[in-house]
Each structure stands twice: as C-alpha cells, then as structure tokens.
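Architecture at a glance
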Amino acid sequence: MPLLYTDPLFLEHKTGHHPECPERLSRVLASIDESDLNKRFTRPQFEAATGEQIARVHNSNYVQLVSKFAEKGGGRIEADTVVSPRSYDATRLACGAGVAAVNAVLTGDEIRAACLVRPPGHHALRHQAMGFCLFNNIAIAAKHAVEHHKLSRVLIVDWDVHHGNGTQATFYRSENVYFLSIHRHPFYPGTGTEDETGEGPGLGTTMNLPIEFGTSRDDYFSRFQIMIKDIAAQCRPELVLLSAGFDAHRLDPVGSLGLETHDYIMLTQLVADIANEYSDRRLISFLEGGYNLEILPDCVRVHLETLAGDAEGI
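Position labels on residues start from 1 in each chain and follow its written sequence. Local features in a predicted model are, by the rule used here, given only for residues with pLDDT of at least 70; side-chain atom pairs are given and counted only at 80 or more, and totals for whole chains, interfaces and linings are based on all residues. Excluding hydrogens and water, the side-chain figures rest on all heavy atoms present in the structure.

A few words now on the overall build of the chain. The number of helices and strands found in the chain is nine helices and nine strands. The size measure is the radius of gyration over C-alpha atoms, and the globule rule it meets is 2.2 Å times the number of residues to the 0.38 power. For 314 residues, the compact-globule estimate of 2.2 N^0.38 gives 20 Å, and the chain sits close to it at 17 Å. Along the first, second and third principal axes, the C-alpha set of the chain runs to 50 × 50 × 45 Å. Looking at the chain as a whole, 60% of its 314 residues qualify as buried. Every residue pair with non-hydrogen atoms within 4.5 Å of one another is taken to be in contact. A fraction of 76% describes how many contacts in the chain between residues 6 or more apart in sequence connect residues 24 or more apart. Only the protein chains shown count as cover for residues, and the accessible areas themselves come from Shrake-Rupley with a 1.4 Å probe. Total accessible area computed for the chain in this model is approximately 12000 Å², and 48% of it derives from carbon and sulfur atoms. The sign given to each residue is positive for Lys and Arg and negative for Asp and Glu; His and the chain ends receive no count. Charged groups are reduced to one reference atom each: NZ for lysine, CZ for arginine, CG for aspartic acid, CD for glutamic acid. Here the chain holds 28 positive side-chain charges and 41 negative ones, and the gap between their average locations is 4 Å. In DSSP terms, a helix is any run of H or I states spanning at least four residues, a strand is any run of E spanning at least two, and both are numbered starting from the N terminus. The buried label goes to any residue with under 20% of its type's maximum accessible area, the exposed label to any with over 50%, and the partly exposed label to all in between, with areas taken from a 1.4 Å probe on protein chains only.

Axis definition: a line fitted to C-alpha atoms, over the contacting stretch in the case of helices. Angles run 0 to 180 degrees between N-to-C directions. Where helix α4 (residues 87–107) meets helix α5 (residues 137–147), the closest approach of the two axes is 8 Å, and the angle between their N-to-C directions is 35°. Note that α4 runs across α5; the crossing there is right-handed. Of the residues in α5, those touching α4 at Thr91, Ala94, Cys95, Gly98, Val99, Val102, Asn103 and Leu106 are Asn137, Ile140, Ala141, His144 and Ala145. Each residue gets one label: Ala, Val, Leu, Ile, Met, Phe, Trp, Tyr, Cys and Pro are nonpolar, Asp, Glu, Lys and Arg are charged, and the others, such as Gly, are polar. In the contact of α4 with α5, the residues fall into eight nonpolar, five polar and no charged. Take the far helix as the reference: if the near one is turned anticlockwise from it by less than a right angle, the crossing is left-handed, and if turned clockwise, right-handed.

Turning our attention to the sheet that holds strand β5 (residues 154–158). By this definition, two strands are paired if DSSP reports at least two bridges between them. Spatially, seven strands are ordered β1-β4-β9-β8-β5-β6-β7 in an open sheet, and the strand pairing comes out parallel. Looking at the sheet topology across the chains shown, the edges are occupied by β1 (3–5) and β7 (206–211). The sheet shows a mean angle of 15° between the axes of neighbouring strands, direction not considered. In the sheet, strand β4 (residues 112–115) pairs with strand β9 (residues 283–287) via four bridges, with the strands oriented parallel. Within the sheet, the bridge partner assigned to Cys115 lies in β9 and is Phe286. Contacting β1, β4, β8 (239–244) and β9, α4 runs over the sheet at an angle of about 175° to β4.

Here's what the structure looks like:
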C-alpha cells in the first residue's frame, strides 16, 4: 500500500491573505477524507529533518535566519514569501517527510509515496527563501538518497507551472541527480531556458522544457513524453522524485498553461511509467504549487488515485 505523508503542523504555516495558504492543504485533505483514498494509502509517523540533513542543501546562516525570523513573529522574509511563528517547524517537518519517504521506499516494502506538505520547496535556494518556499523539500530528499543511501542516479521531474530554479541550482553541477522541468516561459522566476543543461560534472543532467502560454495540450504532452523518455534513458534512475505542482491548470489564478484536471492522470502515469521501467517502481511525489482552492483538491485526488492504481496494478 503506498504511503501518504502529511501532518496538521503544515496548517500552522499561516500566511494570511496569500495564495499559498493553509486552506490549500486543508481542502485537499478534506477531499481525501471524502474519497476512498484513506483506505488505499498508509499514513506513517515521521519526524522533522535534522540540521545535518537540511545542511546538505542550505547553509547554516540561512537556516538560522529562518529560525530567528519565525521566533520573532515572522513577516515577509522576501517579497513573495511569508513566515509565521510556526513556519520554521513546519518547513523542517516538510523536509522530514521527504527524508522519511526516501528511507521507506528504499528500505521497506512500499515503493510509492506522496508528501502533502507545506510550505512548498522547489524555488528555495541554498542561501535564501524564494517564491513561497523556505527549504527545498525535494532537493533535501534527493541529497539524502545520494549521500545516505549511496544512490548513483536520481531523477527529479518537476511539472509545476513555474521553473524549479532552486532544485536546478542545487544539482546543476551534480552527476548523480538529473533534473527535468516542464514549465511556462517566459514566466516567474525567469529561469529554465533550453540552454540551461548543467555545468562541469553535471553537464547534460539538466533538461528544461519551456512552454509558451497558449501552447496546445496535445503539444504539451507530446513534448513532455519525448523529453521524459530521453532523460530517463540517459539517467536510468534508481529513484524518481516528482515536484507535483498543479498550477498549470487552466483555472489557476497564479499560473495556468491550459491543463484540465484529468490531464494530471496522464502526467502522473507518464512519470510512474518511468519509475516502473527503471527504478524498481520507486516514486515519491511532493506537493508544490496549485492555488485554485476549488480545483486543487480534485487535481491532487486524481494524482493520488493514479499513483495508487498504478501501484495496485503492478
């Protein structure tokens, strides 16, 4: 049975009148409770990431800055990112969800996991918050897989409407972690062009698929399918991690690339197929963006149903 990592503490990351609000997750969890998904996922206990685990991605001065900022009551730590008194605890626990999921799928009987966490992470840089993100949850999980479990090849796929610049920056010179991002461009944060392919030992391990607003859904999927198969064949990943943002939906107020709710079934299956072929089915999903409070629960639900159905059907 696949694993679902979430916790009430994530709702204590309070942001006020902000797109990345607690209601995003509370509505998703309510939707799960109204479905049969609780019977199809196990919810393990897990702990916050340790300082050592976070330090694999973020420098200590920045970590202390977030901690002190939260202790003093929070506020805007940068133009787009809000911190509240419990945000530091919540973001450490979000990172811990990823670490626990990596441990579980690499050493246990389960091969699928989903981390429904807040705040999101894929914009967070080594030394600063960015784009609603404090610590980079998926990057910390990938580092844990490589440095603790000694994996040689990890693939991160990011289909959030925004380019995962923080994740890319973390692994831009890495030969162990491959990164594929499909995203709207030109758009925030301004990175993610096709010529960004890595540096040094990481040259060729980064692939970006920038999509212009107005691109047809058929073109979106055909291009994504070609590129994910290409990078998977190069990487032959031992583990697949997924930054699952849902803000490419046509009704998202922040992003939008014209996708429909049911399109996330196909997106999920394409990533699951890569895990099935290369990584002994091991796949972990991380919630990133998605800001339409009516649409997000449905998108996450079909995503989880596809993950569970694929795992059950193997």
